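Chain and residue survey
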Amino acid sequence: MKDFVIIGGGIAGLSAAARLSALGSVTVLEREDALAYHASGRSAALFEEHYGKPSTIALNRASLDYHRTADVLSPRGLMLVGSKGEADLFAADVQAMQMDKITMDAALALFPVLNPAQVDRAAYDPGAWDIDTDRLIQTFAKTARGNGAQIVTKAEVIQISRTATGWAIRTQAGEYEARQLVNAAGAWVDVIAQMAGMAPLGFQPLRRSMARIPAPDGHDVRAWPMVFGAGEGWYAKPDAGALIVSPAEEDPAAPHDAYADDMVLAEGLARYEANVTTPVTRLLASWAGLRTFSPDRTLVLGPDPAQAGFIWCAGQGGYGMQSAPGASQLLADLVGGNTPAIGPDMVAALAPDRFR
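Named according to an unreviewed UniProt entry, the protein chain is FAD-dependent catabolic D-arginine dehydrogenase DauA originating from Yoonia vestfoldensis.

What follows is the structure, encoded as structure tokens:
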């Protein structure tokens, strides 16, 4: 019998495996053929310390040293743009993300294809970083395996039963037993909870579509910042010599292998085009992912107060990559009885008992 079975092989489950494997034996069960197949493998990941709610920001801060030590960060910068009609949204974003306003000349120097006939204000944060998501995932997986963890793919969970000593989990890859069950199943987190006899907490997967387009007018985009429209109505981010553009939609969806909605993607590309001087003439690729949020849009981390041995690691939403080191360490601290690095008010804001 293992000490922990973790359901989910995305960034949530693998980071939890790395931390918990220092406390006991671990098995990770992933339903797909490969790790990080769903949301974790489709993220336009950026580390921006002030992105998210206060508890997420606390996790971001607790994650920074790990990201630096793992050497997964590279400079990117984040720019916010808006128009006169978006003044309130723009001002709210500047305040929330603690950005500095810049001149339009400075904005054009950073992102030369901006349309000054539409964009009349900008703000910038140089302290935003690209995250090498594959390296981060593999770093956590390597740590977990180095501590003896077993990571099993093609292991979709079929049944979960309570036993006298913990949990029995039947999967397509075989049967597993553990004293504690960690629910890190991403969009399927409430499905797994119900299989374990738990009441769902009301997690909602939200689809987000993305398109990869050629670099505008043949520009070298490698040093360009990520750009958000005011109110996060769209964003664009350099990616391997091209641009990723997203409508930044949040359309409710059932857990599934997500794909881009063509109409939503077209609308988002139109919003992007309105802010730049170069039209989009073709797509290199398109895809979508599911960003799963709890009812209060805050992560849910820690043991369930009503069911001994059931641990939540869920609701990462769009913050999973940047917050994973801090979130997984908090989880291990709570399970291991250690004092968390973040304050008790933030621990309470993330605790599952807020929903019970």
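Some details on the pairing of strand 12 (residues 174-183)
Sheet faces and side chains relate simply in a regular strand, where the side chains alternate between the two faces. Two strands pair when backbone bridges link them, and strand 1 (residues 2-7) and strand 12 are joined in this way by 5 bridges, in the parallel orientation. Bridge assignment links V5 to a residue of strand 12, and that residue is L181. Inspection of the sheet shows strand 11 (residues 167-171) paired to strand 12 by 5 bridges, in the antiparallel sense. Within the sheet, the bridge partner assigned to T171 lies in strand 12 and is G174. Hairpin connection between strand 11 and strand 12: a loop of 2 residues separates the two successive antiparallel strands.

Considerations on the pattern of salt bridges
Under the definition given, this model contains 17 salt bridges. Measuring nitrogen to oxygen at the nearest pair gives 2.8 Å for the salt bridge that ties R76 to D130. Taken together, the residues span a long stretch of sequence, with R76 in the loop between strand 4 (73-75) and strand 5 (78-82) and D130 in strand 8 (residues 129-131) at a distance of 54 residues. Judged by its relative accessible area of 12%, R76 falls in the buried class. With a relative accessible area of 11%, D130 lands in the buried category. What you see here is one network of salt bridges that share partners, running through R208, E232, E250, R291 and R297.

Some remarks on the packing of helix 2 (residues 54-70) against helix 5 (residues 133-146)
Put simply, helix 2 and helix 5 touch, their axes get as near as 11 Å, and they point 95° apart. Between helix 2 and helix 5, the angle falls in the class roughly perpendicular. The residues of helix 5 that touch helix 2, namely those facing Y66, H67 and A70, are R135, L136, T139 and F140. Within the contact of helix 2 with helix 5, the residues separate by chemical class into 4 nonpolar, 2 polar and 1 charged.

What to know about helix 7 (residues 262-274)
Helix length check: helix 7, at 13 residues, gives a terminal C-alpha distance of 18 Å against a target of 18 Å (1.5 Å per residue), a fit within 8%. Those residues of helix 7 not exposed but buried are V264, L265, G268, L269 and Y272. All buried residues of helix 7 lie within an arc of 135° about the axis, which places them on one face of the element. Those residues of helix 7 that are buried lie in contact with strand 13 (204-214), strand 15 (235-239), strand 16 (242-246), strand 17 (251-252) and strand 18 (285-293). The opening residue of helix 7 is D261, an N-cap whose side-chain oxygen sits 3.0 Å from the backbone nitrogen of M263.

Remarks on the domain arrangement of the protein chain
Considered domain by domain, the protein chain is made up of domain 1 (2-61 + 132-203 + 295-355) and domain 2 (78-126 + 207-291). Here the C-alpha centre of domain 2 lies 30 Å away from the C-alpha centre of domain 1. Each partner contributes residues to the interface: domain 1 has 15 residues there, and domain 2 has 20 residues. Summed over both sides, the interface between domain 1 and domain 2 buries roughly 1,600 Å², with carbon and sulfur atoms accounting for 56% of that surface. Taken together, domain 1 and domain 2 are joined by 1 salt bridge. Residues E250 and R297 are paired through a salt bridge, measuring 2.9 Å at the closest nitrogen-oxygen approach. In this assembly, domain 1 and domain 2 are joined by 4 residue pairs in polar contact (both at pLDDT 80 or more). The class makeup of the residues in the side of domain 1 that touches domain 2 is 8 nonpolar, 4 polar and 3 charged.

Here's the deal with the packing of aromatic side chains
All chains considered together, the criterion is met by 10 aromatic pairs. Taken together, a centroid distance of 5.2 Å and an interplanar angle of 70° make the contact between Y51 and Y319 edge-to-face. Taken together, the residues span a long stretch of sequence, with Y51 in the loop between strand 3 (46-47) and helix 2 and Y319 in the loop between strand 20 (310-314) and helix 8 (320-336) at a distance of 268 residues. The exposure class assigned to Y51 is buried, which follows from its relative accessible area of 16%.

Calculation notes
Residues numbered from 1 in each chain as written. Predicted model: local features only at pLDDT ≥ 70, side-chain atom pairs only at ≥ 80, totals over all residues. Heavy atoms only, no water. Pairing = 2+ DSSP bridges. Helix = DSSP H or I, 4+ residues; strand = E, 2+ residues; numbered from the N terminus. Salt bridge = Lys/Arg side-chain N within 4 Å of Asp/Glu carboxyl O. Buried < 20%, exposed > 50% of the residue type's maximum accessible area, 1.4 Å probe, protein only. Axes fitted to C-alpha atoms, helices over the stretch in contact; angles between N-to-C directions. Parallel < 35°, antiparallel > 145°, perpendicular 65-115°, else oblique. Contact = heavy atoms within 4.5 Å. Nonpolar A, V, L, I, M, F, W, Y, C, P; charged D, E, K, R; others polar. Expected span 1.5 Å × (residues − 1). Arc of directions from axis to C-beta. Polar contact = N/O pair within 3.5 Å; in protein donor to acceptor, adjacent residues only side chain to side chain. Domains from an automatic or database assignment. Buried area = accessible area lost by both parts, 1.4 Å probe. Phe/Tyr/Trp six-rings, centres within 6.5 Å; stacked < 30°, edge-to-face > 60°.

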